[in-house]
Amino acid sequence: MELTFLGGARTVTGSRHLIDTGRARVLVDCGMFQGGPSEAIRNRVPLGFDPTKLDAVVLTHAHLDHCGLLPLLVREGFKGAILCTAATAELARLVLLDSAKLQEEFAKRTARRDRRDPARAAQFEAKDEASLQAAVQLAVEGAESPGGSDPEELLREAGPDIQPDLGAPLYTEDDVNPTLPMLRPIPYGQEYEAAQGVHITLLDAGHILGSAMVRMRLSSPAGGRDTILLMSGDIGRPGTPIIRDPTAVTEADYVVCESTYGGREHEAADVAINTLVQTITETARKKGVLLIPSFAIGRTQELVWELGRLVDQGKVPELPVYLDSPMAKSASDIYRNHPEAYDEETATLLREHEAPLDYPDQHIVQNIAESQAIERAQPPYVIIASNGMLTGGRSVGHAQHLLDDPSATILFVGYQGEGTLGAHLLAGVETARINGQVVRNRATIRSLDGFSAHADEPELLAWLGNFIHGRKRGDPGVPSKVYLVHGDPPAQSALQPKVAALGLDVEVPAWHQTVALG
């Protein structure tokens, strides 16, 4: 039995892991690489397997970096079931349709730009082709890692050639539509046979609504004891608003664990709340605008929840809040439809007829015209817009308008990937290029990570510590190997020795590396 790391390996996005038992092939997640150009180009690298020979997909949650390439998988021949929670199925539909729309719009803008300036277009194309070849070489090197499979065979199994038109969408809405009926909801906590000899159980990951860890009970074709593989997905934080805490798991043979915040500790929740209070109060005093770039699913709902509580408690003035993300609005509706996933605090609010996902002076922005009209509103006010790293979506347009305004504040509330505009602004750049224009940065730039949907290093170590508490390596139930994924190299380098100090054997796999299970 083998496990191949086809995404989320030594990088934060693009999660995709192939389990091959010899008689069944199951993929856990099929995510899109996001961030700077060197990351996004990885989406053009062949999948690393033949989709027609894949039996099933298990989806941990509906963020784009975990589900975003499902339509590509289906277009290239996958015909099995995509297993996930009911909430994830609803949210994934929303995310994939939006992704296709954005890709098609981006491709049209690129085509118009290329027609206006063919010489510059040729330069971009050459740069993209070089980046693609570098990414393919990186995949081949990973496949050649110790224990890896034949890299030529690995890439040959991908089927179609690398898409020659790098400006074309990865997929369109026509590719998404046949994907959606393949999403098959299964409940938390009930074992389900995803493929022959592959039994899965979804456990609450506490990351976003419907997020799951995947416990896989793998039967060997040769017989003998089953192998337990636990895929963490993205692990949330204890005490996160609205949803339940991550499930504590105590036994597995192998663990694949995320490492996004290795080497980092989130600020305390009360510190994050105080920063939010200070920022809103300062915005009101300056009669300015506060832009909060936020991912539409998870982070936005938590922000609205907290802002509503702060207003109710009299801690902040009731500024108008413009929720400028059609996806966030739809996601909030899905959140309302799944109270079974709520934690006790939110469930109590519902029983008391409170509206935990509504803010008193909330304006839902429906279209581009309404989005552009926000700048004509009388400050002070707050804009919550996606996406959270300023790599696309309506938040980018608002940043372009506000950066040169000294009375404006941009507050980042989550992870900023390397090479993104969000990361550059937090690094203190004096100018930024947005939509081809150079904009001076005179706004106040702040960040807080108390709203992060990812466990920090102490929380990851506490979760992993459940596997060895009161036991030692080699004891029943203690993993023989922990693989760290979904993290940048500095985060993984910081976390790896601390996981080893717990008494666990830990490894950081390469992209496209294959390892044996059992």
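Since this is a predicted model, take the numbers as computed values, not measurements.

Rules of the game
- Residues numbered from 1 in each chain as written.
- Predicted model: local features only at pLDDT ≥ 70, side-chain atom pairs only at ≥ 80, totals over all residues.
- Heavy atoms only, no water.
- Helix = DSSP H or I, 4+ residues; strand = E, 2+ residues; numbered from the N terminus.
- Salt bridge = Lys/Arg side-chain N within 4 Å of Asp/Glu carboxyl O.
- Pairing = 2+ DSSP bridges.
- Axes fitted to C-alpha atoms, helices over the stretch in contact; angles between N-to-C directions.
- Contact = heavy atoms within 4.5 Å.
- 1 Å grid on protein atoms, 1.4 Å probe; cavity = no way out; pocket = protein on both sides within 12 Å on 5 of 7 lines; lining within 4 Å.
- Points joined across faces, edges and corners; volume = space filled by probe spheres on them.
- Nonpolar A, V, L, I, M, F, W, Y, C, P; charged D, E, K, R; others polar.

1. Focus on unusual backbone geometry
No. 1: In this model, Pro379 is joined to Pro380 through a cis peptide bond whose omega is 5°.
No. 2: Inspection of the secondary structure puts Pro380 in the loop between α12 (368-373) and β15 (381-385).
No. 3: Here the bond from Ser386 into Asn387 is cis, since omega is 10°, no more than 30 degrees from zero.
No. 4: By the secondary structure assignment, Asn387 is in the loop between β15 and α13 (394-402).
No. 5: A positive phi angle, close to 60°, is found at Arg10, a residue other than glycine.
No. 6: Within the fold, Arg10 resides in the loop between β1 (2-7) and β2 (16-20).

2. Things to note about the pattern of salt bridges
No. 1: Counted according to the given criterion, the structure contains 21 salt bridges.
No. 2: Residue Asp324 pairs with Arg394 through a salt bridge whose shortest N-O separation is 2.7 Å. Here the residue Asp324 occupies a position in strand β13 (residues 321-324), and Arg394 occupies one in helix α13, the gap between them amounting to 70 residues.
No. 3: For Arg440, the salt bridge identified is with Asp404, shortest N-O distance 3.3 Å. Highlighted residues: Arg440 in strand β18 (residues 437-440) and Asp404 in the loop between α13 and β16 (409-412), separated in sequence by 36 residues.
No. 4: Sharing partners across several salt bridges, the network here consists of Glu191, Arg217 and Asp226.

3. Examining the sheet that holds β1
No. 1: The mixed open sheet is built from 7 strands, whose spatial order is β6-β5-β4-β3-β2-β1-β22. The sheet terminates laterally at β6 (183-185) and β22 (514-516), the two strands that pair on one side only. Across the sheet, the mean angle from the axis of one strand to that of its neighbour is 25°, orientation sign disregarded.
No. 2: As paired elements, β1 and β22 share 3 bridges and run antiparallel to each other. Residue Leu3 lies in a different strand from β22, and its bridge partner there is Val515.
No. 3: Against the sheet, helix α4 (residues 86-116) contacts β5 (81-84) and β6, and its axis sits at roughly 155° relative to β6.

4. Concerning the environment of Val249
No. 1: Structurally, Val249 is set in the loop between β10 (227-231) and β11 (254-258).
No. 2: Placed 216 residues apart in sequence, Val249 and Gly465 show a C-alpha to C-alpha distance of 9.5 Å.
No. 3: Residues in contact with Val249, not counting those within four places in the same chain, are Leu203, Met213, Leu230, Trp463, Asn466 and Phe467.

5. Observations concerning the pairing of β18
No. 1: Where strand β17 (residues 431-434) meets β18, 4 bridges bridge the pair, whose relative direction is antiparallel. What sits directly across from Thr431, in β18, is Arg440.
No. 2: Between β17 and β18, which pair antiparallel one after the other, the connecting turn spans 2 residues, and Asn435 there sits at a positive phi close to 50°.

6. Observations concerning the layout of surface pockets
No. 1: The space that makes up the second largest pocket amounts to roughly 260 Å³.
No. 2: Lining the second largest pocket are 17 residues, and of these Gly239, Pro241, Ala269, Glu306 and Gly450 sit closest to its centre.
No. 3: Elements with a contribution of two residues or more to the lining of the second largest pocket: α8 (269-286) and α9 (299-312).
No. 4: Looking at which element gives the most residues to the lining of the second largest pocket, the answer is α8, with 4 residues.
No. 5: In the lining of the second largest pocket, the residues fall into 7 nonpolar, 4 polar and 6 charged.

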